[in-house]
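Spelled out, the chains give:
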Amino acid sequence: MRREQLVAAAAKLFEEGGTKAVTHRSVSEAAQVPLATVSYYFASIDQLVDVMFGEALTQWTDEWAALVPEAGTDLSAEEAADRFTAPMRALSPDRPSHFLNVYLAALGRPHLREAVHAMRDSCFGSQVAILAATGVADPVEVTRGASLLYSGALVAAADREIGLDGVLALLHGHVIELVRRALPQD
């Protein structure tokens, strides 16, 4: 219980100020536990941050896997776009670039790169399955395009003028258009 409390506190601190905001003292205060508790569960702040990143990567992999339609399911372009934008809809409107920040920070840790690539590959596979259920001719190629749109949307979400809702609407519409253009012509 305390370990999870510490990881959650570190995640919130990271979201607010990056890895520099995650210190023994700040984590103990955010988790409302004695300072020694942080050191008891984690030998170093780096270890705590690695655990936090690892849990985030696992969570995103699981989120995308849960969006994969059952075998034989046909999805409309709109339904595929709904699934494709679902993980982004779960982001905090106050800090919509949190996923991107965690992804880049974890990628910057050489010992986590393999885990980051595994997460990305797994999520890409889930995205291919979602778009394949629409009947597009080349779901891998469509997923590449949709993934580029998704990455750009994560960056654009930090733009306060557009806002997360505006970015989601644009992403949703562009994924629908991408799918429609890739559907076999009758």
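Residues numbered from 1 in each chain as written. Predicted model: local features only at pLDDT ≥ 70, side-chain atom pairs only at ≥ 80, totals over all residues. Heavy atoms only, no water.

Visitor: Before we go on, may I ask you to explain the overall build of the protein in this structure?
Guide: Each helix and strand counted, the protein has 9 helices and 0 strands in total. Seen in sequence order, the protein has helices and strands lined up from the N terminus as α-α-α-α-α-α-α-α-α. Residues counted as buried form 42% of the 186 residues belonging to the protein. In the structure as shown, the protein presents an accessible area of about 10100 Å², 53% of it carried by carbon and sulfur atoms. Computing the positive centroid from 15 side-chain charges and the negative centroid from 24, the protein places the two 8 Å apart. (Helix = DSSP H or I, 4+ residues; strand = E, 2+ residues; numbered from the N terminus. Buried < 20%, exposed > 50% of the residue type's maximum accessible area, 1.4 Å probe, protein only. Areas by Shrake-Rupley, 256 points an atom, 1.4 Å probe, with all protein chains shown as cover. Lys, Arg positive; Asp, Glu negative; His and termini not counted. Charge placed at Lys NZ, Arg CZ, Asp CG, Glu CD.)

Visitor: Looking at this model, I keep getting lost on the environment of V27. Mind explaining?
Guide: Looking at the element boundaries, V27 is found in helix α2 (residues 24-31). For V27, a relative accessible area of 0% puts it in the buried group. When the C-alpha positions of V27 and L13 are compared, they lie 7.5 Å apart, and in sequence the two are 14 residues distant. Not counting residues up to four positions away in its chain, the partners in contact with V27 are L6, A9, A10, L13, V22, V38 and L48. (Contact = heavy atoms within 4.5 Å.)

Visitor: Quick question: what am I supposed to make of the packing of helix α1 (residues 2-17) against α2 here?
Guide: Each packed pair of helices is defined by two parameters, the angle between the axes and the distance between the axes. Contact geometry for α1 and α2: axes closest at 9 Å, N-to-C directions at 110°. When the axes of α1 and α2 are compared, the pair comes out roughly perpendicular. You can see that α1 and α2 cross each other, and the crossing is right-handed. Across from Q5, L6, A9, A10 and L13 in α1, the residues of α2 making contact are S26, V27, A30 and A31. (Axes fitted to C-alpha atoms, helices over the stretch in contact; angles between N-to-C directions. Parallel < 35°, antiparallel > 145°, perpendicular 65-115°, else oblique. Left-handed = near helix turned anticlockwise from the far one by under 90°.)

Visitor: I keep staring at the packing of aromatic side chains and nothing clicks. Help me out?
Guide: Any aromatic ring pair is given by two values, namely how distant the centres are and how the planes are angled relative to each other. Counted according to the given criterion, the structure contains 5 aromatic pairs. For the pair F84 and Y150, a centre-to-centre distance of 5.6 Å together with 85° between the ring planes defines the contact as edge-to-face. Taken together, the positions of F84 in helix α5 (residues 77-89) and Y150 in helix α8 (residues 139-156) put the pair 66 residues apart, joining distant regions of the chain. Y150 carries the same exposure label as F84, and that label is buried. An aromatic cluster is defined as three or more aromatic residues linked by ring pairs; in this entry it consists of W64, F84 and Y150. (Phe/Tyr/Trp six-rings, centres within 6.5 Å; stacked < 30°, edge-to-face > 60°.)

Visitor: Would you explain the nonpolar core in this entry?
Guide: In summary, soluble globular proteins display a tendency toward joint burial of nonpolar side chains. Within the largest apolar cluster, 57 residues are counted, with the highest numbers of intra-cluster contacts made by V22, V27, L48, F53 and M88. Where this core is concerned, the elements lending two or more residues are α1, α2, α4 (45-66), α5, α6 (98-107), α7 (113-132), α8 and α9 (163-182). Element by element, the count of residues in this core is highest for α4, at 10 residues. (Core = buried A, V, L, I, M, F, W, Y, C linked by side-chain atoms within 4.5 Å.)

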